[in-house]
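Residue-level structural notes
Residues per chain are reported as follows:
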Amino acid sequence: MKVTVKDGPSGDVQTGQTVGTALSALGVPVGIDIVAARVNGSVVDLSTPLREDAVIEPLRFDSPEGREVYRHSSTHIMAQAVKELFPTAQLTIGPALEDGFYYDFAYERPFTPEDLEKIEKRAREILTRNLTITRKELSKQEAIEFFKARGERYKVELIENFPEGEQVSIYTQGDFVDLCRGPHVPSTGHVGALKLLSTAGAYWRGDERNPMLQRIYGTSFPTREELEAHLARLEEIKRRDHRKVGKDLDLISVQDEIGPGLVLWHPKGAMIRLLIENFWREQHIKDGYELVYSPHVARLDLWKTSGHVDFYRENMFAAMKVEGSDYQLKPMNCPYHIMIYKSHLRSYRDLPIRYGELGTVYRYERTGVLHGLLRVRGFTQDDAHLFCRPDQMEMEVSRVLDFTFLMLRTFGFADFEVFLSTRPKESVGSDEHWTQATGALEAAIKNRHIAYRVDQGGGAFYGPKIDIKIKDALGRSWQCSTIQVDFNNPERFKLSYIGEDGKAHQPIMIHRALLGSIERFFGILIEHYGGAFPTWLAPVQATVMNITDHQRDYVAAVAAELKAAGFRVEADLRNEKIGFKIREAEKAKVPFMLVAGDREVQGRTVSVRGRSGANLGNMPVSGVIDLLRAETARARPDVQSIQGGGLSFPNCA
RNA sequence: GCUGGCGUAGCUCAAUCGGCAGAGCAGCGGUUUUGUAAACCGCCGGUUGGAGGUUCGAUUCCUCUCGCCAGCUCCA
């Protein structure tokens, strides 16, 4: 039997040898770092016997597949610890996650932090026991009998749902046995460092009508150091939490008296929002959009026509009675834009029409899902609706893609994932429309040479869509941008335009949002920058501070000059030591601190200190203006051109 | 909505078994005139989220309610 190691030696190996021994026989050291192997395409245990010629790729923690095996074995080890300490706990499921793993147990009470400590201690002990992990296959019936005998009701239920005649695999380590597809590491000692993180309730099979299970989250790494680094990253995420930073920097608040999920924008947060919105508006006008406004309420009938009353009721605030008729707080902007479209007879020559609006909508979200700025009940969508002819669709989508990337890059996001979602089972519109629209979306992505993944059946019921996810500074993914074709509304509202042939045709409608919602995007932005906004977005771009009262007038004059030049500058003239003022500006994450003592007054300069301590030396006010201009322009791809034209900066004094 | 945890001064957090609610920071008033992340002294600050109950007495125990957090479900 011929066995080849990927990127390594090959040779003859006796049939029936395991993957592990075959690797050894071919001179590949099978150290503790090798957790499993890919053999002819599928990931298997090292103990799997080889029956035919094979290409083997040893898998380590550094590969996604290896990591999954590693975490999966880790969760079994935790489950073993739980079973040893709490024998009446029932096993359910326990998968690997991106950064760790969890296991759901059916148990009579939630696990406490003290339980967690004990379980973690026991799990670590199981690592040192270095128990061999073995796989065994049973028939479906045997497996049911086996788990029945062990009293594992959930496992029995799982197996009963397996297809008839299928072999079931179980994995054993010491006295612990679990139903599992595998594969697993060869022994419990292969897991290096393990940490349990939290507990939570979770419904059996994710259905809220089912019993609540007790979930334990944990993570594991080959070395203590990697685990520590991961925990440090979790700390960093906590440190950057927009709810904390938003409060510390006095950007926003959500208050009990006002209501959950309803955001107050404090002056500094509002300034950043203004800058984002100004940029947004400028760019939209530049890109051929017409900006519109629409009211916060409308007759309920409008929402009946749009179908929201039928399909979206559970997410809408209750209707209100006004002079005997029902009015509805708006959960979306589209019907208004449609009505603007419908206010005239449209010619094919008018298309495409692009209506954009920073439209504030209100949606009733269940209390449990509200989360800081990321999930709220009142928010402003950076919404737009494009009405176009079928032949214009691809071009329009391409433009939106370019626009999206320009927008997101400006805010410091460089990593994107693009998803194309196709027709779901329940949907409206003809096959022809779906094929055409999906084709246009795909063509637009392709002609921009963008890597993408297809989410089969993941589209909305009313049309296919493109979703774009961004990765932030900590590598977390967020979905903001979406481009959705809509076959439903043009039909419901009987939209039309007069074609070249003099006859009425139905336009294609495209919904799109680039940032998603301003609230959510701001939350993401706060965490992305950790509150240290780039100069063009910083609510205060520089603080000028005096060392003693002697420089008061000079510092006030410097601040006034910088303000006159269009920058957001504050003067800190308080009777405090310079170290204290620096500390406060540093905590407020002001990009530049300009210090003036007698020396500076003498030389008509300021001493410039960058955020987090950089000494940029002394310079006159004109030098500071050049510096701030350069810094402001750096993140704004559009600013260079504006500068050339002598236009003012989008700064507000 | 569900499960669990938590609500104490503007912020961060104390308060033993049910026994006079406390500290740092912030704020205010002074002193100090200061060189790149916290000068010193003093003062002010509370219906302990809200309502009810048990008790001689409740921040503490019980019930209800509002909100927050983690997760489930759902999503911009």
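Look above for the structure.
Description of the structure in this document. (Residues numbered from 1 in each chain as written. Chains lettered and ligands numbered in written order. Predicted model: local features only at pLDDT ≥ 70, side-chain atom pairs only at ≥ 80, totals over all residues. Heavy atoms only, no water.)

**Brief notes about the overall build of chain A**
Helix and strand content of chain A: 20 helices and 32 strands. Split into buried and exposed, the 653 residues of chain A put 51% on the buried side. In chain A, the share of contacts with a sequence separation of at least 24, taken over all contacts with a separation of at least 6, comes to 68%. Considering chain A, the positive charge centre built from 84 side chains and the negative charge centre built from 88 side chains are found 2 Å apart. (Helix = DSSP H or I, 4+ residues; strand = E, 2+ residues; numbered from the N terminus. Buried < 20%, exposed > 50% of the residue type's maximum accessible area, 1.4 Å probe, protein only. Contact = heavy atoms within 4.5 Å. Lys, Arg positive; Asp, Glu negative; His and termini not counted. Charge placed at Lys NZ, Arg CZ, Asp CG, Glu CD.)

**Examining the layout of surface pockets**
Computed from the structure, the largest pocket encloses a volume of approximately 1,000 Å³. Around the largest pocket, the lining comprises 35 residues; the ones closest to its centre are Tyr312, Met332, Arg363, Gln381 and Gln484. At the level of secondary structure, the elements contributing two or more residues to the lining of the largest pocket comprise α10 (308-311), β20 (378-388), β23 (465-471), β24 (477-486), α14 (488-492) and β27 (508-517). Of the residues that constitute the lining of the largest pocket, the class distribution is 12 nonpolar, 14 polar and nine charged. (1 Å grid on protein atoms, 1.4 Å probe; cavity = no way out; pocket = protein on both sides within 12 Å on 5 of 7 lines; lining within 4 Å. Points joined across faces, edges and corners; volume = space filled by probe spheres on them. Nonpolar A, V, L, I, M, F, W, Y, C, P; charged D, E, K, R; others polar.)

**As for the pairing of strand β28 (residues 542-546)**
With respect to burial, β28 is a largely interior element, five of its five residues being buried. Since β28 and strand β29 (residues 569-572) lie parallel, the crossover through helix α16 (residues 552-564) that links them has a hand, and here it is right-handed. Pairing of β28 with strand β30 (residues 592-596), which is carried by five bridges, proceeds in the parallel orientation. Residue pairing for β30: Met545 is matched across the bridge by Val595. (Right-handed = clockwise from strand over helix to strand, strands pointing away. Pairing = 2+ DSSP bridges.)

**Concerning the packing of aromatic side chains**
Throughout the structure, instances matching the rule amount to 27 aromatic pairs. Ring centres 6.5 Å apart and planes at 80 degrees place the aromatic pair Phe317 and Tyr364 in the edge-to-face group. Placement of Phe317 in the loop between α10 and β17 (320-322) and of Tyr364 in the loop between β19 (353-362) and β20 is noted, with a sequence separation of 47 residues between them. Look at Phe317 and you get partly exposed, because its relative accessible area is 27%. Between Trp434 and Phe487, the ring centres sit 5.5 Å apart and the planes meet at 65 degrees, which makes this aromatic pair edge-to-face. Here Trp434 is found in helix α13 (residues 431-447), whereas its partner Phe487 is found in the loop between β24 and α14, with 53 residues between them in sequence. (Phe/Tyr/Trp six-rings, centres within 6.5 Å; stacked < 30°, edge-to-face > 60°.)

**Some points on the protein's contact with RNA strand B**
What surrounds RNA strand B is a group of 49 residues, the closest being Tyr203, Thr367, Asn575, Glu600 and Ser607. Here Asp549 contributes a side-chain N or O atom positioned 2.8 Å from a base nitrogen of RNA strand B. The leading source of residues in the surface near RNA strand B is helix α17 (residues 578-587), at six residues. Of the residues assigned to the surface near RNA strand B, the class counts are 15 nonpolar, 15 polar and 19 charged. (Near = heavy atom within 4 Å. Polar contact = N/O pair within 3.5 Å; in protein donor to acceptor, adjacent residues only side chain to side chain.)

**What to know about the sheet that holds strand β18 (residues 325-329)**
Hydrogen bonds between backbone groups are what pair the strands of a sheet, and the pairing can be parallel or antiparallel. In spatial order, the strands read β16-β18-β17; together these three strands make up an open sheet with antiparallel pairing. The open sheet has two edge strands, β16 (297-299) and β17, and neither has a second partner. Direction aside, neighbouring strands of the sheet carry axes that sit 40 degrees apart on average. (Axes fitted to C-alpha atoms, helices over the stretch in contact; angles between N-to-C directions.)

**A short note on the sheet that holds strand β32 (residues 615-619)**
If you walk across this open sheet you meet the five strands as β29-β28-β30-β31-β32, and the pairing is mixed. Each having just a single partner strand, β29 and β32 make up the two edges of the open sheet. Taken over all neighbouring pairs, the strand axes of this sheet differ in orientation by 20 degrees on average, direction set aside. The sheet contact formed by strand β31 (residues 606-610) and β32 spans three bridges and is antiparallel.

**Re a nonpolar patch on the surface**
Taken together, Val297, Met320 and Val322 make up a surface patch of nonpolar side chains, about 190 Å² in accessible area. Along the chain, Val297 falls in strand β16. Residue classification places Val297 among the partly exposed residues on the basis of a relative accessible area of 32%. (Patch = residues over 30% accessible without salt bridge, like charges linked within 9 Å, V, L, I, M, F, W, Y side chains within 5 Å. Areas by Shrake-Rupley, 256 points an atom, 1.4 Å probe, with all protein chains shown as cover. Salt bridge = Lys/Arg side-chain N within 4 Å of Asp/Glu carboxyl O.)

**Observations concerning the pairing of strand β7 (residues 101-106)**
In terms of burial, β7 is largely enclosed, as six of its six residues are buried. Going residue by residue along β7, you find Phe101, Tyr103 and Phe105 tucked away on one face and Tyr102, Asp104 and Ala106 tucked away on the opposite face as well.

**Considering the pattern of salt bridges**
On inspection of all chains with the given rule, the structure shows 39 salt bridges. Between Asp99 and Arg233 there is a salt bridge, with the nearest N and O atoms lying 4.0 Å from each other. Note that Asp99 is positioned in the loop between β6 (90-91) and β7 and Arg233 in helix α6 (residues 224-239), a separation of 134 residues in sequence. Owing to a relative accessible area of 39%, Asp99 belongs among the partly exposed residues under this scheme. Linking Glu277 and Arg273 is a salt bridge whose minimum nitrogen-to-oxygen distance equals 2.7 Å. Residue Glu277 and its partner Arg273 are located together in helix α8 (residues 267-286), separated by four residues, close to a single helical turn. Taken as a pair, Glu277 and Arg273 share a single burial class, namely buried. Several salt bridges share partner residues, and in doing so they unite Glu84, Arg122, Glu125 and Arg129 into one network.

**Let's talk about the packing of helix α12 (residues 393-410) against α13**
At their nearest, the axes of α12 and α13 sit 8 Å apart, and the two run at 45 degrees to each other. Considering their axes alone, α12 and α13 lie oblique with respect to each other. The chirality of how α12 crosses α13 is right-handed. Contact with α12, carried on its side by Met393, Glu394, Val397, Ser398 and Leu401, involves Gln436, Ala437, Ala440, Leu441, Ala443, Ala444, Ile445 and Asn447 of α13 and no other residues of that element. Classifying every residue of the contact of α12 with α13 gives nine nonpolar, three polar and one charged. (Parallel < 35°, antiparallel > 145°, perpendicular 65-115°, else oblique. Left-handed = near helix turned anticlockwise from the far one by under 90°.)

**Some thoughts on unusual backbone geometry**
The omega torsion of the bond from Leu351 to Pro352 falls at 0 degrees, within 30 degrees of zero and hence cis. Relative to the helices and strands, Pro352 resides in the loop between α11 (334-342) and β19. Positive phi is not limited to glycine here, since His449 has a value of about 55 degrees. Residues other than glycine seldom take positive phi values, yet Arg604 does so here, at roughly 55 degrees.

**Brief notes about α12**
End to end, α12 covers 26 Å across 18 residues, agreeing with the expected 26 Å (1.5 Å per residue, within 8%). When we look at burial in α12, the residues that qualify are Met393, Glu396, Val397, Ser398, Val400, Leu401, Phe403, Thr404, Phe405, Met407, Leu408 and Thr410. Once α12 ends, the next one or two residues include Gly412, with phi positive near 90 degrees. (Expected span 1.5 Å × (residues − 1).)

**Some points on the nonpolar core**
Grouped together as the largest cluster of nonpolar side chains are 63 residues, with contacts concentrated most on Leu401, Phe411, Ile466 and Leu537. Other than its neighbours up to four places away in sequence, Phe411 contacts Ile276, Phe279, Leu515, Phe521, Leu525, His528, Tyr529, Trp536 and Leu537. Listed in part, the 37 residues of the second largest apolar core include Ala79, Tyr107, Leu127 and Ala193. (Core = buried A, V, L, I, M, F, W, Y, C linked by side-chain atoms within 4.5 Å.)

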